[in-house]
Amino acid sequence: MPVRLAILLGALLLVPAAAAQQRPVVVIDPGHDLRANAQTEPIGPGSSTRKIKDGGGTHGVVSGLREADLNLRVSLRLRTLLERAGVRVVMTRTATAGTSIGNIARARIANRARAALFLRVHADGSTDPTARGTHTLYPALRSGWTDDIYSESKRAGRVVQADLRAALGFPDRGLQERTDYTGFNWADVPAILVEMGFMTNPTEDRLLATAAYQRRAAIGLCRGTLRFLGRPVARRR
Ligand SMILES: [Zn+2]
């Protein structure tokens, strides 16, 4: 009996530590940074195809807002919401202050954190000012690169796109598979990239530049992430 009691007590003492370890980690990757990075890097492990590390992103055609700043504002709000919901968050950056680190480096942060989701936050740009809407990208299936993360990434994309689109109310551009995204091909954890809206469209730029819409985007991304993780989604606060 004393031995059994000791085992029981030991098990009880271990519970809080185990519970803390089971908290999922989400890596939030606010796209771009203050400066572009013209260096190149292979688009996947062992690839001879190289792409520029970071072209620098777009900017608001009306607001003048830099995409890197919009991505960060939404990402910081999202971090707060996810942490409140009991999720551990790792950020690839917390300021818009330097040269972009590139996409292999971003993927490695997610891999090292053993992220349940590598969530990349962007806004789109186009030469066509009428182009608008929300869409979500995920890695295409490629043996040796993404076969281990393909189906979970696709599921995450579906769920997060639905909640982000509903929160923003922009047109639904749906999901898109990408073979050529360095940050996806180097990821060993489920990865998606959301394009919240078009900063080159005057309507979406004006709205995304407001705190109200940045909050909406963060709420949509939080709900989608929690649903993907199978965690309870908070009611409206
Ligand atoms: Zn971008």
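None of the values given here were measured: they were computed from a predicted structure.

Novice: Would you mind going over the overall build of the protein in detail, with residue names and values included?
Specialist: Helix and strand content of the protein: 7 helices and 8 strands. By residue count, 49% of the 237 residues in the protein fall in the buried class. For the protein, restricting intrachain contacts to residue pairs at least 6 apart in sequence, the fraction spanning at least 24 positions comes to 79%. Surface summary for the protein: the accessible area is close to 11500 Å², and the carbon and sulfur share equals 53%.

Novice: Just give me the short version of the pattern of salt bridges, but keep the residues and values in it.
Specialist: Using the criterion set out here, one finds 9 salt bridges in the structure. Between Asp 29 and Arg 120 there is a salt bridge, with the nearest N and O atoms lying 3.2 Å from each other. Residue Asp 29 is located in strand E1 (residues 25-30), and its partner Arg 120 is located in strand E5 (residues 117-124); the two are separated by 91 residues in the primary sequence. Residue class for Asp 29 comes out buried when judged on its relative accessible area of 0%. Among the ionic pairs, Glu 204 bridges to Arg 132, the shortest N-O distance being 2.9 Å. Of this pair, Glu 204 sits in helix H6 (residues 202-208) while Arg 132 sits in the loop between E5 and strand E6 (134-139), and the two are 72 residues apart along the sequence. Looking at Glu 204, the relative accessible area reads 0%, which means it is buried.

Novice: I'd like to hear about the nonpolar core, residue by residue, with values.
Specialist: Leu 82, Val 194 and Met 196 are the most contacted members of the largest nonpolar core, which has 35 residues in total. At the level of secondary structure, the elements contributing two or more residues to this core comprise E1, helix H2 (67-84), strand E4 (88-91), E5, helix H4 (150-168), strand E8 (191-198) and helix H7 (211-229). It is H7 that contributes the most residues to this core, 7 residues altogether. If you look at the next biggest cluster of nonpolar residues, it comprises 16 residues, including Leu 137, Ile 149, Val 189 and Ala 191.

About the criteria used
- Residues numbered from 1 in each chain as written.
- Predicted model: local features only at pLDDT ≥ 70, side-chain atom pairs only at ≥ 80, totals over all residues.
- Heavy atoms only, no water.
- Helix = DSSP H or I, 4+ residues; strand = E, 2+ residues; numbered from the N terminus.
- Buried < 20%, exposed > 50% of the residue type's maximum accessible area, 1.4 Å probe, protein only.
- Contact = heavy atoms within 4.5 Å.
- Areas by Shrake-Rupley, 256 points an atom, 1.4 Å probe, with all protein chains shown as cover.
- Salt bridge = Lys/Arg side-chain N within 4 Å of Asp/Glu carboxyl O.
- Core = buried A, V, L, I, M, F, W, Y, C linked by side-chain atoms within 4.5 Å.

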